[in-house]
Protein chains: 2
Amino acid sequence: MAAILFSVSRSLWNPRYERFRKSKFTTHYPARTVASSSAAFSKMSAIHQILSTSISSSASAFIGGHTNLKSATKSSNFAVAGKISGVVKCVASAAEKTAYTTKVSRNENMAKLQAGYLFPEIARRRAAHMLKYPDAKVISLGIGDTTEPIPDVITSAMSKRSFALSTFDGYSGYGAEQGEKQLRAAIASTYYGDLGIQEDDIFVSDGAKSDISRLQVLFGSNVTMAVQDPSYPAYVDSSVILGQTGQFQKDVEKFENIEYMRCTPENGFFPDLSTVRRTDIIFFCSPNNPTGYSASREQLTKLVQFAKENGSIIVYDSAYAMYVSDDSPKSIFEIPGAKEVALEVSSFSKYAGFTGVRLGWTAIPKELLYSDGFPVAKDFNRIVCTCFNGASNVAQAGGLACVSAEGIKAMHEVVGFYKENTSIIVDTFNSLGFKVYGGKNAPYVWVHFPGQSSWEVFGEILEKTHVVTTPGSGFGPAGEGFIRVSAFGHRENVLEACRRFKQLYK
Amino acid sequence: MAAILFSVSRSLWNPRYERFRKSKFTTHYPARTVASSSAAFSKMSAIHQILSTSISSSASAFIGGHTNLKSATKSSNFAVAGKISGVVKCVASAAEKTAYTTKVSRNENMAKLQAGYLFPEIARRRAAHMLKYPDAKVISLGIGDTTEPIPDVITSAMSKRSFALSTFDGYSGYGAEQGEKQLRAAIASTYYGDLGIQEDDIFVSDGAKSDISRLQVLFGSNVTMAVQDPSYPAYVDSSVILGQTGQFQKDVEKFENIEYMRCTPENGFFPDLSTVRRTDIIFFCSPNNPTGYSASREQLTKLVQFAKENGSIIVYDSAYAMYVSDDSPKSIFEIPGAKEVALEVSSFSKYAGFTGVRLGWTAIPKELLYSDGFPVAKDFNRIVCTCFNGASNVAQAGGLACVSAEGIKAMHEVVGFYKENTSIIVDTFNSLGFKVYGGKNAPYVWVHFPGQSSWEVFGEILEKTHVVTTPGSGFGPAGEGFIRVSAFGHRENVLEACRRFKQLYK
């Protein structure tokens, strides 16, 4: 009882507590149809469950914006070793027992993080919208989650492996933490051909997001970091968690000690490297999430040269490489000399619809060395062996099917389908007179709303069309004024969303 | 070419470089049978591949023991920004090009780690043994890897889910990072019944090892840590990686700033808490790996009281709870007040044979608060959302089948089988006059060889019986003089291993 009161009272003065409570709900509330009455009831009650705490106790607190934990703690002199301040007491019953607190200090890096992770925050707003408009057919072109079934050739292999685990001959326990030998070899040959990446340079993972975090653990807290601005939020947030940054600077919407490489229409979405400060690590995603822009061979050559001059390590995210239609490189290792300054993170998520199956990889060339000559791959191997136990054997069986001849063909069909969606979205916004970027080599369309706030545009689109997009500013300050429209969706939903956009912006 | 020479030359002066290169190979070399001639050939060539580098270039270096990278760097003035020292040049050809190094400093915490992670090191020695005795039928009772097929009821669910992913209705993309709602609820009710752990306290993971590492990221580098001595090596190694420790102290075989809680026959394998220094975090595994000993209700009550007095957080590892035969608690939350000072990590690995499927969970009560009153679970939720993307949906389908009525029955049968193995091993060593510990509530038997070195006993057993065990000192200094014998194995292998033990020690 004391704990419950305590929790409610906290949410009154700090909205972040409640915002963190629940995460992503997209899978529970399919966008496709308005459900039948009983399903609609359970949908509604689930949404009620999600929102009940914040609605009943902290709805008004959301309006207050970003109350900072540190300042709140300071001003209220809160929770000093088991004591509860007046802020809490004012809503606590007289019979309340003081809540026990440990003497372990909260990791100060966690407190630096801003609000919720972007996508759970969008899911929260979407759920609130569905509560407001229970009959609306909400369409999600937001989070970038794949929607199309996985090709049979791949799920058959997974199913077969699952069954085999019930047999003496087919059972397998702990696999190599780095992944099954055959899969590592197949990834090396499929995606790196003659680029000089070998089987033992490939570390199979449960996805790029997990590997980005493991790479941050590898590098530790004493490195400096650059990211494209805008970029996938996990780079910055994992950097903050590992303690590589200072505090968030509200005036510029940036974390101290992270170098934000501005990518806008003005510079063709490629940073002006002459203005970029030297950092140890450079996160670079191409084709880019969220701008959908892919760097050219010349640009990547400049990037590699820049890293080499500075002695930096590029963490290259190629999760969308199969979406490239022109001659943009699909791997950083296509650039001569890149193996001495880069490693590459990739994933089956957006190729085979593996967002839920979880399978990716990181390629680290033997040539990539720390300043003392120690190979980066050897330390990463140790990280993988200590902090991970390999990807699921069933997912790996699926991965092996992905890179079979038939699987590659099937993945290209999946990618092709989403690329058609992309064209539909690009054409729609073009026809409405918007400046539209990306979409050619990536499943993301980056629409410009000059002078407007991304969150306001996001809110207007949601309110008036029931379509969920992603506000560009969620990816970094240079994303302000943009909206990311994802091409992952069933065709009829993409067409319907585009009809509604035309209605709204005609 | 330069890079190759460079790599070879490095291994000449630092054996750790080569030791890190390869990890665990048990799945590639089944212990069961001597393979047919062609399979034997490929087996042999694979072993050659594993060992070739170290044999050709650094075999002698292994004898040199633990050359410390830091001191080696100092003495040779090695690799200062692209320059190569004399140590390297002496084996490099005249035409050698200087290897490029980045200017990124190696994470100094990585350099603190000792040799390889324990189990890859054992795999290396096993592979070397197989090369020496190609005709030997090697039996592994070492790493603790499950060997028995997964019950049909579980793999059927995984197979069904795999197939469903190829259908419009059955497809699922990103799931909640915390795990599927139904599975979280089922884990809460199955393993925590009326202990007050709710669905939203459960975070489904890809296994306990990954979660231990995520917990370390959660706590950050400024906490202090206690572990049972001996204990599962991932606790200490992940603590070192996160920077919570000082250097390794060779004289006592301990890392500076970690509190090693000695657990030996003298104290009934439960630490004398009156001598234990206060730390922020206490890792505690019961039933214990490696000693096989489970703490009683009275002992755990003392532990919870100790944590409460100190304001510490217990990270309780209950991965072997289903092996408990007596009335030892199966969860720390059975102890009154534990929810204010403990969280619990667990896994399906040793219940359902999921070591390769990868599925576990962490339970964090809402009552567990940092010193400022902030709930630990809310920060962990943020870690899970930023550094992880949920366990594989297929593995989660398997997990849901595990905790069905039929699944629980099937898991008890699997556990029962391994417990029979345990009895066979315990009886064997007892009959040979050894002091034997554990084995009652855990699949591990802890055999005492007083006055002997664990690695020497390990070596003798391997050499004379072709059975792989685990040297107790690999789990901490208090494990010296012990051998851990794992009960995970096919029955005929366990019986055969025991026959060989009887032959050796008769």
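Residues numbered from 1 in each chain as written. Chains lettered and ligands numbered in written order. Predicted model: local features only at pLDDT ≥ 70, side-chain atom pairs only at ≥ 80, totals over all residues. Heavy atoms only, no water.

For chain A, an unreviewed UniProt entry supplies the name Aminotransferase class I/classII large domain-containing protein and the organism Erythranthe guttata. For the record of chain A, the UniProt heading Sequence similarities (unreviewed entry) holds the text "Belongs to the class-I pyridoxal-phosphate-dependent aminotransferase family. LL-diaminopimelate aminotransferase subfamily." You can read under Cofactor (unreviewed entry) in the UniProt record for chain A the words "pyridoxal 5'-phosphate". (UniProt positions renumbered as here; feature names shortened; annotations may be inferred.)

Chemist: So what exactly am I meant to see when it comes to the overall build of chain A here?
Modeler: Broken down by element type, chain A carries 18 helices and 15 strands. The long-range share in chain A, meaning contacts at least 24 apart out of those at least 6 apart in sequence, stands at 75%. Roughly 17,400 Å² of accessible area belongs to chain A as shown, and the carbon and sulfur atoms make up 54% of that amount. (Helix = DSSP H or I, 4+ residues; strand = E, 2+ residues; numbered from the N terminus. Contact = heavy atoms within 4.5 Å. Areas by Shrake-Rupley, 256 points an atom, 1.4 Å probe, with all protein chains shown as cover.)

Chemist: What exactly am I supposed to notice about helix 12 (residues 297-310) of chain B here?
Modeler: Note on helix geometry: an α-helix contains 3.6 residues per turn, so any two residues three or four positions apart are oriented the same way. Residue and element names in this part refer to chain B. The end-to-end C-alpha separation of helix 12 is 20 Å, in line with the 20 Å expected for 14 residues at 1.5 Å each. What helix 12 keeps buried is the set Gln299, Leu300, Leu303, Val304, Phe306, Ala307 and Asn310. The buried residues of helix 12 occupy one face: seen down the axis, they fall within an arc of 155°. When the buried face of helix 12 is taken as reference, the exposed residues oriented beyond 90 degrees from it are Glu298, Lys302 and Glu309. Where helix 12 is buried, its residues touch strand 7 (281-285) and strand 8 (313-317). Where helix 12 ends, the next residue or the one after it, Gly311, has phi of about 65°, a positive value. (Expected span 1.5 Å × (residues − 1). Buried < 20%, exposed > 50% of the residue type's maximum accessible area, 1.4 Å probe, protein only. Arc of directions from axis to C-beta.)

Chemist: Could you clarify how one ought to interpret the UniProt feature "domain: Aminotransferase class I/classII large" (unreviewed entry) in chain A in this entry?
Modeler: The UniProt record marks residues 137-501 of chain A with the feature "domain: Aminotransferase class I/classII large" (unreviewed entry), using the residue numbering of this structure. In this annotation, residues 137-501 of chain A is assigned 37% helix and 16% strand; the end-to-end C-alpha distance for the span is 14 Å.

Chemist: I tried to follow the packing of aromatic side chains on my own but got confused; where do I start?
Modeler: One pair of aromatic rings is described through two measures. These are the centre distance and the angle between the planes. As enumerated under the stated definition, the model contains 60 aromatic pairs over all chains in all. With a centroid separation of 4.9 Å and 5° between ring planes, the pair formed by Trp446(A) and Phe482(A) is classed as stacked. With Trp446(A) in strand 12 (residues 444-448) and Phe482(A) in strand 15 (residues 482-486), this pair connects stretches of sequence that are 36 residues apart. The burial state of Trp446(A) is the same as that of Phe482(A); both residues are buried. A ring pair is formed by Trp455(B) and Phe458(B), whose centres lie 5.3 Å apart and whose planes are at 80°; its orientation type is edge-to-face. A residue pair is termed a helical-turn pair when its members lie 3 or 4 positions apart in one helix, as Trp455(B) and Phe458(B) do in helix 17 (residues 454-465) at three residues. Classification of Phe458(B) as buried rests on a relative accessible area of 2%. An aromatic cluster is built from Phe119(A), Phe269(A), Tyr293(A), Tyr437(A), Trp446(A), Phe475(A) and Phe482(A), whose rings are joined through pairwise contacts. We note Arg184(A) situated over the ring of Phe203(A); from NZ or CZ to the ring centre the distance is 5.8 Å. When the ring centre of Tyr100(A) is taken as origin, the NZ or CZ atom of Lys308(B), which lies over that ring, is 5.4 Å away. (Phe/Tyr/Trp six-rings, centres within 6.5 Å; stacked < 30°, edge-to-face > 60°. Lys NZ or Arg CZ within 6 Å of the ring centre and 35° of its normal.)

Chemist: It is not clear to me how the interface of chain A and chain B should be interpreted in this structure. Could you clarify?
Modeler: When the parts of a complex come together, some accessible area is lost, and that lost area is often taken as the interface size. Listed as interface residues are 122 residues of chain A and, on the opposing side, 123 residues of chain B. Together, the buried faces of chain A and chain B total about 10,300 Å²; carbon and sulfur atoms form 54% of this surface. Of all residues in chain A, Tyr100(A), Tyr174(A) and Arg382(A) give up the largest surface area on contact with chain B, accounting jointly for 9% of the area buried on that side. At the boundary of chain A and chain B, one finds six salt bridges. At the surface where chain A touches chain B, the tally comes to 47 residue pairs in polar contact (both at pLDDT 80 or more). If you tally residues by element for the side of chain A that touches chain B, the top one is helix 14 (residues 376-387) of chain A, at eight residues. (Buried area = accessible area lost by both parts, 1.4 Å probe. Salt bridge = Lys/Arg side-chain N within 4 Å of Asp/Glu carboxyl O. Polar contact = N/O pair within 3.5 Å; in protein donor to acceptor, adjacent residues only side chain to side chain.)

Chemist: Help me understand the sheet that holds strand 15 of chain A in this model?
Modeler: Backbone-to-backbone hydrogen bonds pair the strands of a sheet. The strands run either parallel or antiparallel. All names here are of chain A. What the four strands build is an open sheet, ordered 11-12-15-14; its pairing is antiparallel. The open sheet terminates on both sides in strands that have one partner only, identified here as strand 11 (436-438) and strand 14 (470-471). Pairing of strand 14 with strand 15, which is carried by two bridges, proceeds in the antiparallel orientation. Bridge pairing links Thr470 to Arg484 in strand 15. (Pairing = 2+ DSSP bridges.)

Chemist: Looking at this structure, I do not really get the sheet that holds strand 12 (residues 444-448) of chain B. What am I missing?
Modeler: All names here are of chain B. Taken in spatial order, the four strands make up an open sheet running 11-12-15-14, and their pairing is antiparallel. The two strands at the open ends of the sheet, each matched to only one other strand, are strand 11 (436-438) and strand 14 (470-471). Direction of pairing for strand 11 relative to strand 12: antiparallel, over a ladder of three bridges. By the bridge assignment, Gly438 is partnered in strand 12 with Val445.

Chemist: What exactly am I supposed to notice about the relation of the copies chain A and chain B here?
Modeler: Related by rotation about an axis and a shift along that axis, the two copies of the chain form a pair. Rotating chain A by 180° about the axis while translating it 0.0 Å along that axis superimposes it on chain B, leaving an RMSD of 0.0 Å. Such a combination of turn and shift is consistent with a two-fold rotation axis. Relative to the rotation axis, the C-alpha of Ser159(A) is the closest in chain A, positioned 2.1 Å from it. Most of the interface of chain A is mirrored in chain B, where 99% of its interface residues again form contacts. (Least-squares fit on C-alpha atoms with pLDDT ≥ 70 in both.)

Chemist: Can you help me understand the environment of His412(A) in this one?
Modeler: Among the secondary structure elements, His412(A) is positioned in helix 16 (residues 405-431). With 105 residues separating them along the chain, His412(A) and Ala307(A) place their C-alpha atoms 32 Å apart.

Chemist: Quick question: what am I supposed to make of the packing of helix 10 (residues 208-219) of chain A against helix 14 (residues 376-387) of chain B here?
Modeler: Describing two packed helices takes the angle between their axes plus the distance from one axis to the other. Contact geometry of helix 10 of chain A with helix 14 of chain B gives a least axis separation of 8 Å together with a crossing angle of 110°. By the angle between their axes, helix 10 of chain A is roughly perpendicular relative to helix 14 of chain B. Of the residues in helix 14 of chain B, those touching helix 10 of chain A at Lys209(A), Ser210(A) and Ser213(A) are Cys385(B), Thr386(B) and Cys387(B). Considered class by class, the residues forming the contact of helix 10 of chain A with helix 14 of chain B number two nonpolar, three polar and one charged. (Axes fitted to C-alpha atoms, helices over the stretch in contact; angles between N-to-C directions. Parallel < 35°, antiparallel > 145°, perpendicular 65-115°, else oblique. Nonpolar A, V, L, I, M, F, W, Y, C, P; charged D, E, K, R; others polar.)

Chemist: Would you take a moment to explain the pairing of strand 8 (residues 313-317) of chain A for this structure?
Modeler: All names here are of chain A. Across the five residues of strand 8, five count as buried, placing the element largely inside the fold. Burial along strand 8 is two-sided: Ile313, Val315 and Asp317 facing one way and Ile314 and Tyr316 facing the other are all buried. Crossover connection from strand 7 (residues 281-285) via helix 12 (residues 297-310) to parallel strand 8: handedness right-handed. When strand 8 meets strand 9 (residues 342-347), the two strands line up parallel, connected through four bridges. (Right-handed = clockwise from strand over helix to strand, strands pointing away.)

Chemist: So what exactly am I meant to see when it comes to the pattern of salt bridges here?
Modeler: A side chain of one charge can pair with a side chain of the opposite charge if their charged atoms are brought near each other. Tallying each qualifying case throughout the model produces 44 salt bridges over all chains. Two residues, Asp211(A) and Arg214(A), come together in a salt bridge whose shortest N-O distance is 3.0 Å. One end of the pair is Asp211(A) and the other is Arg214(A), both in helix 10 and three residues apart, which spans about a single turn. Here Asp211(A) matches Arg214(A) in class, with each residue buried. In this structure, the salt-bridge partner of Asp326(B) is Lys440(B), at a minimum N-O distance of 3.4 Å. Taken as a pair, Asp326(B) in the loop between strand 8 and strand 9 (342-347) and Lys440(B) in the loop between strand 11 and strand 12 lie far apart in primary sequence, 114 residues in all. A residue is classified by how much of its surface remains accessible, and Asp326(B), at 29% relative accessible area, is partly exposed.

Chemist: Would you take a moment to explain the side chain of Ser205(A) for this structure?
Modeler: Residue and element names in this part refer to chain A. One can find Ser205 in strand 2 (residues 202-205). With relative accessibility at 0%, the residue Ser205 sits in the buried group. Beyond its immediate stretch of four places on either side in the chain, Ser205 contacts Asp211, Arg214, Arg358, Leu359, Gly360, Trp361, Phe388 and Ala391.

Chemist: Mind showing me how you'd approach the state of the cysteines here?
Modeler: All names here are of chain A. Taken as a whole, this structure holds zero disulfides over all chains when the rule is applied. For the unlinked cysteine Cys385, the closest cysteine sulfur is that of Cys387, found at 9.7 Å. A relative accessible area of 4% means that Cys387 is categorised as buried. (Disulfide = S-S within 2.5 Å.)

Chemist: Looking at this model, I keep getting lost on the packing of helix 8 (residues 152-164) of chain A against helix 15 (residues 393-402) of chain A. Mind explaining?
Modeler: Residue and element names in this part refer to chain A. At their nearest, the axes of helix 8 and helix 15 sit 8 Å apart, and the two run at 145° to each other. When the axes of helix 8 and helix 15 are compared, the crossing they make is right-handed. Taking contact as the criterion, the partners of Val153, Ile154, Ala157, Met158, Arg161 and Ser162 in helix 8 are, on helix 15, Asn393, Val394, Ala397, Gly398, Ala401 and Cys402. By residue class, the composition of the contact of helix 8 with helix 15 is eight nonpolar, three polar and one charged. (Left-handed = near helix turned anticlockwise from the far one by under 90°.)

Chemist: Help me understand the side chain of Lys419(A) in this model?
Modeler: Residues and elements named next belong to chain A. The topology assignment puts Lys419 in helix 16. One buried charged residue, Lys419, remains without a salt bridge, the closest side chain of opposite sign being Asp326 at 8.3 Å. Once you skip the residues sitting within four places of it in the chain, Lys419 turns out to touch Tyr323, Ser325, Lys440 and Asn441. (Lys, Arg positive; Asp, Glu negative; His and termini not counted.)

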